[in-house]
Amino acid sequence: MIAAICVLSLTAACGAGGSAGGGGGYPEQNITIVVPFSAGGPTDTVTRMIAEPMAAKLGAKIVVQNVEGAGGTVGADEVANANPDGYTVLMHHIGMSTAPALYANLGFKPLESFEMIGLVTEVPMTIVASKNFAPKTLQELVTYVKANAAKVTLANAGVGAASHLCGLLFQTAAGVKLQEVPYKGTGPALTDLVGGQVDFMCDQTTNTSGQIKAGEVKAYAVTTPERVKSLPDLPTTAEAGLPGLKVSVWHGLYAPKGTPQDVVQKLTEALKIALADQKVIDQMAKLGTEPVKAADATPQAHRAKLQEQLGIWAKVIADAGVKAS
């Protein structure tokens, strides 16, 4: 389902657009970045941050299109089967590396169906709870959920979502099996968390920082080795007593397999320009993340990351016995 379409450029706001000027050669028309998750979610937010400076570098309009469904696999499949001309690309997160282990009949193969453009950012996860949830610290949370596993509710944004994966790791690290409550996106999950309908969840700082700072949720820890600059008082999971829980949500840009290498190179160059843009850096900092280093915003680094992550998550998901329906 297409949830939202927005055209970004130096010369036109959201709306209909024709060919982007600039003479012969790529790009000669609008470029669509498919986000396989809902509008307003963390991946959508990151995409819209980089779309404008990428459009400026390329001299073309960029359309951000939300194609939801099946943990991001619907949108990914659409791009994998798109014309490999550089006009349809994909922004995906860690879910690209978990899809083969979760879904039996994928219409694409992560390493074979795409040309990698480059990594974008690695977003920390936070463990947050309803304000009225009893545990005050992460160690208290672990003790509490072990004693009350049958009644504690752990929310997530659906099978394969980053919040679901982080929740699996939490249960493994804590040595407990909890009642999971899946939602159709992080937005409704967090809304119910704030409202007290569910007890706790693990979600990206791009989605939780505002609620943490506003005191709308109780925050226990961040899941990265170092504290987040925008949330300096929030301890890491290691500091808070759960060192086995370490995860960040990395994002990358993909083009369909067979996209000409000179086109991929232009997209990579535009990505690097966007990630070095001070406005993008500032926007990401407010949400508890930062752009990757220039050396990681490359097809080579992106492919290496994906290959490594495919191996890691295959084992985690197999051990958890989880499959998407």
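All figures in this text were calculated on a predicted structure; none of them were measured in a lab. (Residues numbered from 1 in each chain as written. Predicted model: local features only at pLDDT ≥ 70, side-chain atom pairs only at ≥ 80, totals over all residues. Heavy atoms only, no water.)

## Some remarks on helix α4 (residues 138-147)
Part 1 of the reasoning: The complete set of buried residues in α4 reads Leu138, Leu141, Val142 and Val145. Relative to the axis of α4, the buried residues are bounded by an arc of 100° and lie together on one face. For α4, the exposed residues lying more than 90 degrees away from the buried face are Thr143 and Ala147.
Part 2 of the reasoning: Elements in contact with the buried residues of α4: β5 (114-130), α5 (162-174), β8 (200-204) and β9 (217-222). (Buried < 20%, exposed > 50% of the residue type's maximum accessible area, 1.4 Å probe, protein only. Helix = DSSP H or I, 4+ residues; strand = E, 2+ residues; numbered from the N terminus. Arc of directions from axis to C-beta. Contact = heavy atoms within 4.5 Å.)

## Here we look at the state of the cysteines
Part 1 of the reasoning: This model, assessed by the stated rule, comprises 1 disulfide.
Part 2 of the reasoning: There is a disulfide in this structure between Cys166 and Cys202, and the S-S distance comes to 1.8 Å. Of note, the bridge from Cys166 to Cys202 carries an S-S torsion of about 50° and is right-handed in sense. Taken as a pair, Cys166 in helix α5 and Cys202 in strand β8 lie far apart in primary sequence, 36 residues in all. With respect to class, Cys166 is no different from Cys202; both count as buried. (Disulfide = S-S within 2.5 Å.)

## Here we look at the pattern of salt bridges
Where charged atoms of side chains with opposite charge meet at close range, the side chains can pair.
Part 1 of the reasoning: Within this structure, the stated rule accounts for 7 salt bridges.
Part 2 of the reasoning: Here Glu115 and Lys257 are joined by a salt bridge, their closest N and O atoms 3.9 Å apart. Of this pair, Glu115 sits in strand β5 while Lys257 sits in the loop between β10 (248-256) and α8 (261-275), and the two are 142 residues apart along the sequence.
Part 3 of the reasoning: Relative accessible area serves as the criterion here: at 12%, Glu115 is assigned to the buried category.
Part 4 of the reasoning: What makes Lys257 partly exposed here is its relative accessible area of 45%.
Part 5 of the reasoning: Here Glu180 makes a salt bridge to Lys177, at a shortest N to O gap of 3.8 Å. (Salt bridge = Lys/Arg side-chain N within 4 Å of Asp/Glu carboxyl O.)

## Some words on the environment of Asp44
Part 1 of the reasoning: In this fold, Asp44 is placed in helix α1 (residues 42-58).
Part 2 of the reasoning: Contacts of Asp44, omitting those with residues within four sequence positions, involve Val35, Ser38, Ala39, Val64 and Asn66.

## Brief notes about the packing of aromatic side chains
Part 1 of the reasoning: Using the criterion set out here, one finds 6 aromatic pairs in the structure.
Part 2 of the reasoning: Look at Tyr26 and Tyr87: their rings are 5.1 Å apart centre to centre, the planes differ by 55°, and that puts the pair in the tilted class. One end of the pair, Tyr26, is in the loop between β1 (2-8) and β2 (31-35); the other, Tyr87, is in the loop between α2 (73-80) and β4 (88-92), with 61 residues separating them in the sequence. Each of the two residues, Tyr26 as well as Tyr87, counts as buried. (Phe/Tyr/Trp six-rings, centres within 6.5 Å; stacked < 30°, edge-to-face > 60°.)

## With respect to the packing of helix α3 (residues 95-102) against helix α10 (residues 299-320)
Part 1 of the reasoning: For the pair α3 and α10, interaxial distance at closest approach is 8 Å and the crossing angle is 45°. As far as their axial angle goes, α10 and α3 are oblique. Of the two elements, α3 crosses α10, and the hand of that crossing is right-handed. Taken together, the residues of α10 that come into contact with α3 (itself represented by Met96, Ser97, Thr98, Pro100, Ala101 and Leu102) are Leu306, Gln309, Leu310, Trp313, Ala314 and Ile317.
Part 2 of the reasoning: Partitioning the contact of α3 with α10 into residue classes produces 9 nonpolar, 3 polar and no charged. (Axes fitted to C-alpha atoms, helices over the stretch in contact; angles between N-to-C directions. Parallel < 35°, antiparallel > 145°, perpendicular 65-115°, else oblique. Left-handed = near helix turned anticlockwise from the far one by under 90°. Nonpolar A, V, L, I, M, F, W, Y, C, P; charged D, E, K, R; others polar.)

## Here we look at the nonpolar core
Burial of nonpolar side chains together is a common tendency in soluble globular proteins.
Part 1 of the reasoning: Ranked by internal contacts, the top residues of the largest apolar core, which has 86 residues, are Ile50, Phe114, Phe170 and Phe200.
Part 2 of the reasoning: Of all the elements, β5 adds the most residues to this core, at 9 residues.
Part 3 of the reasoning: With residues up to four places along the chain from it excluded, the contact list for Phe114 reads Ala76, Val79, Ala80, Leu90, Met96, Phe108, Lys109, Tyr254, Ala255, Pro256, Lys257 and Arg303.
Part 4 of the reasoning: Among the nonpolar cores identified, the runner-up in size contains 14 residues, and Ala155, Tyr183, Leu193 and Met201 belong to it. (Core = buried A, V, L, I, M, F, W, Y, C linked by side-chain atoms within 4.5 Å.)

## Looking at the pairing of strand β3 (residues 62-67)
Part 1 of the reasoning: With respect to burial, β3 is a largely interior element, 6 of its 6 residues being buried.
Part 2 of the reasoning: Residue alternation in β3 divides its side chains into two sets, Ile62, Val64 and Asn66 and Val63, Gln65 and Val67, and both sets are buried.
Part 3 of the reasoning: Of the strand pairs in this sheet, β2 and β3 are connected by 5 bridges, and their pairing is parallel. Residue pairing in the sheet places Val34 in a bridge with Gln65 of β3.
Part 4 of the reasoning: Following the chain from β2 across α1 to the adjacent parallel β3, one finds a crossover that is right-handed. (Pairing = 2+ DSSP bridges. Right-handed = clockwise from strand over helix to strand, strands pointing away.)

## A closer look at α8
Given 3.6 residues per turn, any residue in an α-helix points the same way as the ones three and four places further on.
Part 1 of the reasoning: Compared with the 21 Å implied by 1.5 Å per residue over 15 residues, the 21 Å span of α8 between its first and last C-alpha is a close match.
Part 2 of the reasoning: Looking only at α8, the buried set comprises Val263, Val264, Leu267, Thr268, Ala270, Leu271, Ala274 and Leu275. The buried residues of α8 all sit within an arc of 165° when viewed along its axis, so they share a single face.
Part 3 of the reasoning: Residues of α8 that are buried in the fold lie against α1, β4, β5, β10, α9 (278-286) and α10. (Expected span 1.5 Å × (residues − 1).)

Purely geometric stuff here, so don't read any function into it on its own.
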